[in-house]
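In case you want the letters, here they are:
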Amino acid sequence: MSTAALSNIATAGLSHLDWLESEAIHIMREVAGQCSNPVLLFSGGKDSICMLRIAEKAFRPGRFPFPLLHVDTGHNYREVVDFRDRRAAELGERLIVRSVEDSMARGTVVLNSPDEPRNKHQSVTLLEAIEEFGFDACIGGARRDEEKARAKERIFSFRDEFGQWDPKNQRPELWDLYNARSFKGENMRVFPISNWTEIDVWQYIERERLALPSIYFAHRRPLVRRGGGLLPVTEVTPARSGETIENLMVRFRTVGDITCTAPVESDADTVARIIAETAVTTITERGATRLDDQTSDASMEQRKKEGYF
Amino acid sequence: MSAIEKLPGSSVPDNGLLRFLTCGSVDDGKSTLIGRLLFDSKTILADTLHAIERTSAKRGLDMVDLSLLTDGLQAEREQGITIDVAYRYFTTGTRKYIIADAPGHEQYTRNMVTAASTADLAIILIDARKGVLTQTRRHSYLAHLLGIPHIVVAVNKMDLVDYAQEPFAAIAAEYLAFASRLGIADVRFLPMSALRGDMIVERGEHLHWYDGPTLLDILETAPAIHGAHAEKFRFPVQYVCRPQDSANPELHDYRGFMGRVESGELSIGDAVTVLPSGRETSVRDIQVLGESLARAIAEQSVTILLEDEIDVSRGDMIVKSGELPTIGKQIDAMLCWLSESPLDPRRKYLLRHTTRDSKAMLAGISFRVDVNTMEQQPAERLAMNDIARVRFKLAQPIFADPYAESRGTGAFIVIDESSNNTVGAGMIV
Ligand SMILES: Nc1nc2c(ncn2[C@@H]2O[C@H](COP(=O)(O)OP(=O)(O)O)[C@@H](O)[C@H]2O)c(=O)[nH]1
């Protein structure tokens, strides 16, 4: 018997993870029922790995009613990209990869400097992919606890033709009655795990025994200390002169573009240890690991208005 | 050890999830209370705390303003007010909480209605110095209208009335008088100081005369919305799984009806009726990802397989035979209008109820409710934030229960097809 079934018997209602999972399944099925051409964003990161398990629970034994899409900055950790491809193949689902580097070649993405973080440019490539395939809904793994601006975002979040989110003009969202209607050219962003926190994600990974890219677990890697954070030394992020390279035990809490994703010092090498560590941790996920977010309180909100996912 | 000191981990017994709503007039201490809950449950993390310390200092405050934690968007920060529903999370290790933070301004009835639609419990804040206000009545009325079963009246700022029992008792007596007129049954009173932290998580030093539970104790033990009473089984079909193209011949005839149990429970073998066809059959299997479940309970997302081959599609509903909902093309409901453009009695709208859509037209407004006095007034049209008793005529039948019995099958939204916006929220009476 599955853990899910056991915990249902143990308590009168659903356990908190069962409830969150059930809500997320319900949301994905609403997308399938209401939208004609949805897509699920899959990066190989932990949140989107949970999303794939939820999609399995929502649609198996059928195929997913949507393909998977990764907007690749070209600066991703090898382990994550390999994992992404392997997981999509195991599931037998279609994976579409669109690359920020292609947008750069087309001239639609122009970098201010060659080593500029490319995360914020993902929005251009995403909008290009939406147009290319005519997607009317993009399902993503963002959570409301990640950042202040997200705390008010709807689960079904409407975007205009330019992919913009207008926080002042959101659709009321009541009960579990979601409104995914849009006109041609407009788009819904749908966040089935809006109500999850980082610890919920880890607990779910543990319960479902989900495989993760190895860099989520403690490993030794060369780093430098810069601007109060740890920066991995890689081909695209070399050490600057005068910096000392240290070999430290670290793990990543989020995996994104190499240039702006920093690890934390840790020797947690299992999911259980990560949960124990997360439970007592004192820095929010984004604060610790997204170097590009620290500019201002409002930086995420600004980017979302510009069509960032 | 208080619940809050336990680490969230898989070994701790899981008491599920509770969604609650905080409401109060401006400056009653709502943001401070939420900040306090997050702070005492160690949900506020170091970098966030540094950020609000910086902001507090920049604004010339001499102590950290916990209310800054719940500040949302840039535009609102500039205006210095909260204007939309925000959701916050904390966990005690035994229970996970989702707080809907609804702003208390006059014109934002619709935000409160939105926040209340998913809440199991409402905390209504009253400033101990000010007592029961018009807003208190309005919030209580809306919480009750939206079917929130538990109401906690939190009398805040007790430190400013010397932690004395008299003002607290007077407020409780006044509140009870109008709550009973409204028909609010489950209400508890709690004296507290959000600023000092008395009776939130810790009991504090000053409220010796109060021997009831702290706010957190109330939250930890409040029963969730389902399960307390026998409910009828309701399963709106969201999606039909027919994997015929699969290479696996066993799946050739597979037809799974996918959805979430809105209320009640279902076991394998139960006799069911499919609506609207009225065809009867029984449950062959209940599945999640290839595993059979002996039964499905409220709020669980499952796939149901039926004994007989019956045509079922999205928008249909599976119920237990002998427990049919009301099937009809006319509904009477309490309607909250959410849109800046008023309800137009000549226009057709789209009404979405469970997974079913139908064209709908207003057939009459019985009365509008003044949310401050709860008086019923005649009305010709409805503007934003109005609440009224209305009748709709529908093009398609819906399968409905009174909202007071079942939120899932008693609620609907109204969509304006010219903008695709959600413009109304209704509760079937
Ligand atoms: N003395 C005292 N002041 C409080 C208490 N709770 C909140 N306040 C203060 O009341 C003011 C308004 O509080 P806030 O939480 O922003 O109210 P909101 O508008 O309901 O969110 C702030 O200056 C708080 O510090 C309390 O229990 N005692």
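In this text the structure is predicted, and so the values were computed from the model without any measurement.

1. Structural notes on the pattern of salt bridges
Move 1: Applying the stated criterion to the full structure yields 47 salt bridges over all chains.
Move 2: Note that R225 of chain A and E265 of chain A form a salt bridge whose closest N and O atoms lie 3.6 Å from each other. With R225 of chain A in strand β7 (residues 219–226) and E265 of chain A in strand β10 (residues 264–265), the pair connects residues that are 40 residues apart, well separated along the chain.
Move 3: For R225 of chain A, a relative accessible area of 46% gives the class partly exposed.
Move 4: For E265 of chain A, a relative accessible area of 45% gives the class partly exposed.
Move 5: Salt-bridge contacts for E174 of chain B lead to R137 of chain B; the nearest nitrogen and oxygen are separated by 3.8 Å. Pair noted here: E174 of chain B is in helix α6 (residues 165–182) and R137 of chain B is in helix α5 (residues 134–145), with a separation of 37 residues, a long-range link.
Move 6: Judged by its relative accessible area of 25%, R137 of chain B is partly exposed.
Move 7: Residues joined in a network through salt bridges with shared partners are D18, E21, R53, E56, K57, R87, E90, R207 and E208 of chain A.

2. What about the sheet that holds β10 of chain A?
Move 1: Sheet architecture is open: 4 strands sit in the order β8-β7-β9-β10 (chain A), paired in antiparallel fashion. Both outer strands of the open sheet, β8 (229–232) and β10 of chain A, are each paired with one neighbouring strand and no more.

3. Side note on α5 of chain B
All names here are of chain B.
Move 1: With 12 residues, α5 extends 16 Å between its outermost C-alpha atoms, agreeing within 8% with the 16 Å of an ideal straight helix rising 1.5 Å per residue.
Move 2: When you tally the buried positions in α5, you get 9 out of 12 residues, the bulk of the element.
Move 3: Restricting attention to buried positions, one finds in α5 the residues Q135, T136, R138, H139, S140, Y141, L142, A143 and L145.
Move 4: Downstream of α5 by a residue or two, G147 has a phi angle that is positive, lying close to 75°.

4. Let's talk about the site of the ligand
Residues and elements named next belong to chain B.
Move 1: The full set close to the ligand counts 16 residues, and D27, K30, S31, T32 and D159 are the nearest of them.
Move 2: Within the side chain of K157, an N or O atom sits 3.1 Å from an oxygen atom of the ligand.
Move 3: Within the backbone of A194, one N or O atom sits 3.0 Å away from an oxygen atom of the ligand.
Move 4: For the ligand, the protein covers 78% of the area, taking 580 Å² as the surface of the free molecule.
Move 5: Partitioned by chemical class, the residues of the shell around the ligand number 4 nonpolar, 7 polar and 5 charged.

5. A few points about the side chain of T234 of chain A
All names here are of chain A.
Move 1: Mapped onto the elements of the fold, T234 is located in the loop between β8 and β9 (246–251).
Move 2: Classification of T234 as buried rests on a relative accessible area of 19%.
Move 3: In contact with T234, other than residues within four places in its own chain, are Y77 and I258.

6. Concerning the confidence of the model for chain A
Residue and element names in this part refer to chain A.
Move 1: Here chain A shows a mean pLDDT of 84. Residues at 70 or above account for 86%.
Move 2: Here residues 1–11 is a poorly scored stretch, pLDDT under 50, and it has 15 contacts once near neighbours within four places are set aside; other chains count.
Move 3: Across residues 282–309, confidence stays below pLDDT 50; counting only partners more than four residues off in sequence or on other chains, it has 96 contacts.

7. Some thoughts on the packing of aromatic side chains
Move 1: Tallied over the entire structure, the rule returns 19 aromatic pairs over all chains.
Move 2: When the ring of F59 of chain A is compared with that of Y239 of chain B, the centres are 5.4 Å apart and the planes differ by 75°; the resulting orientation is edge-to-face. Highlighted residues: F59 of chain A in helix α3 (residues 46–59) and Y239 of chain B in strand β7 (residues 234–241), drawn from two different chains.
Move 3: Residue F59 of chain A is classed as buried on the basis of its relative accessible area, which comes to 1%.

8. A short note on the packing of α3 of chain A against helix α7 (residues 198–208) of chain A
Packed helix pairs are specified by the crossing angle of their axes together with the interaxial distance, meaning the distance between the axes.
All names here are of chain A.
Move 1: Following both chains from N to C, one finds α3 and α7 inclined at 55°, their axes separated by 10 Å at the closest point. By the angle between their axes, α3 is oblique relative to α7. In terms of crossing hand, the pair formed by α3 and α7 is left-handed. Judged by residue contacts, K46, D47, C50, R53, I54 and K57 of α3 engage E198, V201, W202, Y204, I205, R207 and E208 from α7.

9. Some words on the domain arrangement of chain B
Residues and elements named next belong to chain B.
Move 1: Taken as a whole, chain B is organised into domain 1 (5–227), domain 2 (234–320) and domain 3 (326–428).
Move 2: Contacts between domain 2 and domain 3 engage 12 residues on the former and 9 residues on the latter.
Move 3: Carbon and sulfur atoms supply 64% of the area buried between domain 2 and domain 3, which totals about 890 Å² over both sides.
Move 4: Linking domain 2 with domain 3 are 2 salt bridges.
Move 5: For the salt bridge of D401 with R234, the shortest nitrogen-to-oxygen distance reads 2.7 Å.
Move 6: Counting the contacts that link domain 2 with domain 3 gives 4 residue pairs in polar contact (both at pLDDT 80 or more).
Move 7: Examining the composition of the side of domain 2 that touches domain 3, we find that 4 residues originate from one element, β7, more than from any other.
Move 8: Each residue belonging to the side of domain 2 that touches domain 3 can be placed in one class, and the counts come to 5 nonpolar, 3 polar and 4 charged.

10. Focus: the pairing of strand β21 (residues 411–416) of chain B
Residues and elements named next belong to chain B.
Move 1: Burial within β21 is extensive, with 6 of its 6 residues counted as buried.
Move 2: Of the two faces of β21, the one carrying A411, I413 and I415 and the one carrying F412, V414 and D416 are both buried.
Move 3: Pairing of strand β17 (residues 348–353) with β21 involves 4 bridges; the strand directions are antiparallel. Each bridged residue has a counterpart across the sheet, and for L350 the counterpart in β21 is I415.
Move 4: Counting the residues that bridge the hairpin from β21 to strand β22 (residues 421–428) gives 4 residues, and of these N420 lies at a positive phi of roughly 65°.

Criteria and cut-off values
Residues numbered from 1 in each chain as written. Chains lettered and ligands numbered in written order. Predicted model: local features only at pLDDT ≥ 70, side-chain atom pairs only at ≥ 80, totals over all residues. Heavy atoms only, no water. Salt bridge = Lys/Arg side-chain N within 4 Å of Asp/Glu carboxyl O. Helix = DSSP H or I, 4+ residues; strand = E, 2+ residues; numbered from the N terminus. Buried < 20%, exposed > 50% of the residue type's maximum accessible area, 1.4 Å probe, protein only. Pairing = 2+ DSSP bridges. Expected span 1.5 Å × (residues − 1). Near = heavy atom within 4 Å. Polar contact = N/O pair within 3.5 Å; in protein donor to acceptor, adjacent residues only side chain to side chain. Areas by Shrake-Rupley, 256 points an atom, 1.4 Å probe, with all protein chains shown as cover. Nonpolar A, V, L, I, M, F, W, Y, C, P; charged D, E, K, R; others polar. Contact = heavy atoms within 4.5 Å. pLDDT = per-residue confidence, 0-100. Phe/Tyr/Trp six-rings, centres within 6.5 Å; stacked < 30°, edge-to-face > 60°. Axes fitted to C-alpha atoms, helices over the stretch in contact; angles between N-to-C directions. Parallel < 35°, antiparallel > 145°, perpendicular 65-115°, else oblique. Left-handed = near helix turned anticlockwise from the far one by under 90°. Domains from an automatic or database assignment. Buried area = accessible area lost by both parts, 1.4 Å probe.

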